[in-house]
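Residue-level structure breakdown
Below, each chain spelled out in residue letters.
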Amino acid sequence: MNDKQVVAQYALNYVQNGMTIGLGTGSTANCFIEALAQRYQQENLKITVVASSLVSQLNAQHLGLPLIAIEHIEKLDMYVDGADEVAPDMTLLKGRGSDLVKEKLLVEAAEQFIVLIDSSKQVQHIGDNFPIPAEVLPFAWQLVQHKMRNAGAQVSLRETGSGLAVTSCGNLVLDLVFNAELSTTALNNLLNATPGIVEHGIFQGLADIILLADKGKVTPITSEKK
Ligand code: 5RP
């Protein structure tokens, strides 16, 4: 097993009968979906799952997990997802999968947010390895770009191999690289306060448990948040 599979397997320790579980997006989240589906089949577990993206939805459906739509939930027992970067204060950067709106909605709705990472995701500062993604309303992207440039960011409109990246909510994604002078808290506040940005990739003060896998060993890192 690689570290993504190891940490996904470990996360099953937090699953209990009767839970409604949010499924994240990405390769680590996929490992968790697979591990959960296996346990569901083997133990006849009573759970319900909600997906944060079309990809995770199809994956969960394919593996026979009992899926309900995000429209039908008011809260979750837990949400399990990966991250692109994790800072020492447990702030996360997410969003390589371009589907930030549902991810943050499910995080906020969850009693517990469990983040699955391997050691390659640990950084000193958010933005060290990746630009910060901001999901923007299509008609607002140039206004947001202008505001971000004025705040010192280098901005690029995210593209895929076949054209512009479009999220499952029909929005565009701006990738933002800021100079190191702005703190993560200042960036979080700036992005939260910018009209036209529907959601962004900084998840500050939201993670409850980070499960860190390193060479096959998992270390849980917890916060005192909720
Ligand atoms: C998707 C995400 C993912 O959790 C993040 O990109 C990590 O992906 P992976 O597990 O494939 O490394 O935020 O929007």
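The present account deals with the structure reproduced in this document. (Residues numbered from 1 in each chain as written. Predicted model: local features only at pLDDT ≥ 70, side-chain atom pairs only at ≥ 80, totals over all residues. Heavy atoms only, no water.)

A word on the sheet that holds strand β5 (residues 92–93)
Just so we agree on the cut-off: If DSSP finds at least two bridges between two strands, the strands pair. Secondary structure follows DSSP: runs of H or I at least 4 residues long count as helices, runs of E at least 2 residues long count as strands, and numbering of each begins at the N terminus.
Pairing is antiparallel across the open sheet formed by three strands, whose spatial order is β4-β5-β13. Looking at strand neighbours, the two that pair on one side only are β4 (85–86) and β13 (202–203), the edges of this open sheet. Note: β5 against β13, two bridges, orientation antiparallel. Within β13, the position partnered with Leu-93 by the bridge is Ile-202.

Thoughts on the pairing of strand β6 (residues 110–118)
The condition that has to hold: Relative accessibility decides the category of a residue: with a 1.4 Å probe and only protein chains considered, values under 20% of the type maximum give buried, values over 50% give exposed, and everything between is partly exposed.
Within β6, seven of the nine residues are buried, leaving the element largely enclosed by the surrounding structure. Of the pairings in the sheet, the one linking strand β3 (residues 76–81) to β6 comprises five bridges and is parallel in character. Bridge pairing links Asp-81 to Val-115 in β6.

Focus on the side chain of Thr-20
What counts, and what does not: Contacts were defined at the residue level, with two residues in contact if any of their heavy atoms lie within 4.5 Å.
Examined against the element boundaries, Thr-20 turns out to sit in strand β1 (residues 20–23). Residue Thr-20 is classed as buried on the basis of its relative accessible area, which comes to 16%. In contact with Thr-20, not counting residues within four places along its chain, are Thr-48, Val-50, Ile-73, Lys-75, Leu-76, Asp-77 and Met-78.

Observations concerning unusual backbone geometry
Its identity is not glycine, yet Asn-44 carries a phi of approximately 50 degrees, on the positive side. One can find Asn-44 in the loop between α2 (27–43) and β2 (48–51). For Asn-44, a relative accessible area of 53% gives the class exposed. Within the chain, Lys-215 stands out as a residue other than glycine whose phi angle is a positive 50 degrees. Within the element layout of this structure, Lys-215 appears in the loop between β14 (209–214) and β15 (217–222).

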